[in-house]
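# Examination of the molecular architecture
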Amino acid sequence: MFSAGTDTTFTTLEWTLSELIKHPPAMKKLQQEATIIAEGRSTILEQDLEKMQYLKAVVKESMRLHTPVPLIPRETTEGVELMGYDIPVGTQVLVNVWAIGRDPTVWEDSNKFRPERFLDNSTEYKSLHYDWLPFGAGRRGCPGIQFATTIIELALANMVHKFDFELPNGVKNEDIDMSETYGITVHKKSSLITGGCESAILVVAHKRY
Ligand code: HEM
């Protein structure tokens, strides 16, 4: 429960912040939304989140591209024929959520970060949208969806509301390394903020409020 709930949340925040720093127009749009919702307050509260439609779209889009749990295991309870293959009962199946989220036949410009695709659209975390499954599906689907999305949205909203992020001298948006490494969840190979590893980018954050 501890690793299911912490590593996933942390890695989602790091991927999302990286995408926003890489895409300044999206960052600006989110900061504008935060400024309007906060109405002069320095802190975004949990009750503000339901009004932050762009924030929700940003997190969903980030989780489409960087799903923390890319392979979900299942076992068939009966034999089935699927796309010409006979799959016997008791077969272990790995659902490739990473590939499903980037399927170009479903998602236009599937490798691009475009939060707008989740605006005015009914895709919810716990739903029957089998083309986007960051929290899995069915009875074994993640029980922490509500908690995780609230924590991620609240943390992200406050980070972008309270700070402007700037890359260090000479580093361009396209230099941010978005390669992945796999442990319990899929992490950024080079950390965005902590200076611990050689290729980490130490982002400078300026206080806004
Ligand atoms: C971004 C955050 C998170 C993501 C992406 C995520 C994703 C997932 C996925 C894909 C599964 C497997 C679902 C399936 O088999 O269909 C899962 C299971 C699980 N998650 Fe999460 N999770 C997150 C946060 C959390 C949090 C915050 C908690 C608890 C506080 C939590 C608790 C669990 C537990 C207990 C299971 C196992 C459920 C079972 O096997 O019956 N998760 N999660």
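Everything below is about the structure shown above.
What counts as what
- Here the residue numbering is sequential within each chain, running from 1 through the sequence in written order.
- Restriction of local features to residues with pLDDT of at least 70 applies here, the model being predicted, together with a cutoff of 80 or more for giving and counting side-chain atom pairs; totals for whole chains, interfaces and linings are based on all residues.
- To get the side-chain values, all heavy atoms of the structure are used, and hydrogens and water are removed first.
- Here a residue is near a molecule or strand as soon as one of its heavy atoms is found within 4 Å of it.
- Under this definition, polar contacts are N or O atom pairs within 3.5 Å; protein pairs additionally need one hydrogen-donor-capable and one acceptor-capable atom, and for neighbouring residues in sequence, both atoms have to be side-chain atoms.
- To qualify as a helix, a DSSP run of H or I must reach at least 4 residues; to qualify as a strand, a run of E must reach at least 2; elements of each kind are numbered from the N terminus.
- A donor here means an N, O or S atom no more than 2.8 Å from the metal, or no more than 3.2 Å when the metal is Na, K or Ca. Since water is not included, a site may seem to lack partners.
- Between N-to-C directions, angles cover 0 to 180 degrees, with each direction set by a line fitted to C-alpha atoms, over the stretch in contact for helices.
- A clockwise turn of the near helix away from the far one marks a right-handed crossing, whereas an anticlockwise turn of less than a right angle marks a left-handed crossing.
- Only heavy atoms enter the contact rule, under which two residues are in contact if any of them lie within 4.5 Å.
- Asp, Glu, Lys and Arg are counted as charged, while Ala, Val, Leu, Ile, Met, Phe, Trp, Tyr, Cys and Pro are counted as nonpolar; the rest, among them Gly, fall into the polar class.
- Relative accessibility thresholds used throughout: buried, under 20% of the residue-type maximum; exposed, over 50%; partly exposed, between the two (1.4 Å probe, protein chains only).
- Whenever Lys or Arg places a side-chain nitrogen within 4 Å of a carboxyl oxygen from Asp or Glu, that contact is recorded as a salt bridge.

Below, the discussion takes up the site of the ligand. The full set close to the ligand counts 22 residues, and Gly5, Arg74, Phe135, Arg140 and Cys142 are the nearest of them. At 3.3 Å, a backbone N or O of Ala137 approaches an oxygen atom of the ligand. Taking Arg140, its side chain carries an N or O atom lying 2.6 Å from an oxygen atom of the ligand. Of all the secondary-structure elements, those providing two or more residues to the shell around the ligand are helix H1 (2–22), strand E1 (71–75) and helix H5 (145–162). Here the shell around the ligand takes 4 residues from H1, the largest share from any one element.

As a further point, take the coordination of the iron atom of the ligand. The sole protein-derived ligand of the iron atom of the ligand is Cys142 (SG), positioned 2.3 Å away. On the secondary structure map, Cys142 appears in the loop between helix H4 (97–101) and H5.

Where helix H2 (residues 24–38) contacts helix H3 (residues 53–65), the axes come no closer than 8 Å and their chain directions differ by 140 degrees. Considering the relative orientation of H2 and H3, their crossing is left-handed. Contacts from Ala26, Lys29, Leu30 and Glu33 in H2 reach Gln53, Tyr54, Leu55 and Val58 in H3. Residues of the contact of H2 with H3, tallied by class, amount to 5 nonpolar, 1 polar and 2 charged.

Checked against the element boundaries, Ser62 lands in helix H3. Accessibility expressed as a relative area gives 1% for Ser62, which makes it buried. Ignoring sequence-local partners within four residues, the contact set of Ser62 consists of Thr12, Trp15, Thr16 and Phe113.

Here we come to the pattern of salt bridges. For the structure shown, the criterion picks out 9 salt bridges. For Lys51, the salt bridge identified is with Asp48, shortest N-O distance 3.7 Å. For Glu124, the salt bridge goes to Lys60, with nearest N and O atoms at 3.9 Å. Placement of the pair is Glu124 in the loop between H4 and H5 and Lys60 in helix H3, with a sequence separation of 64 residues.

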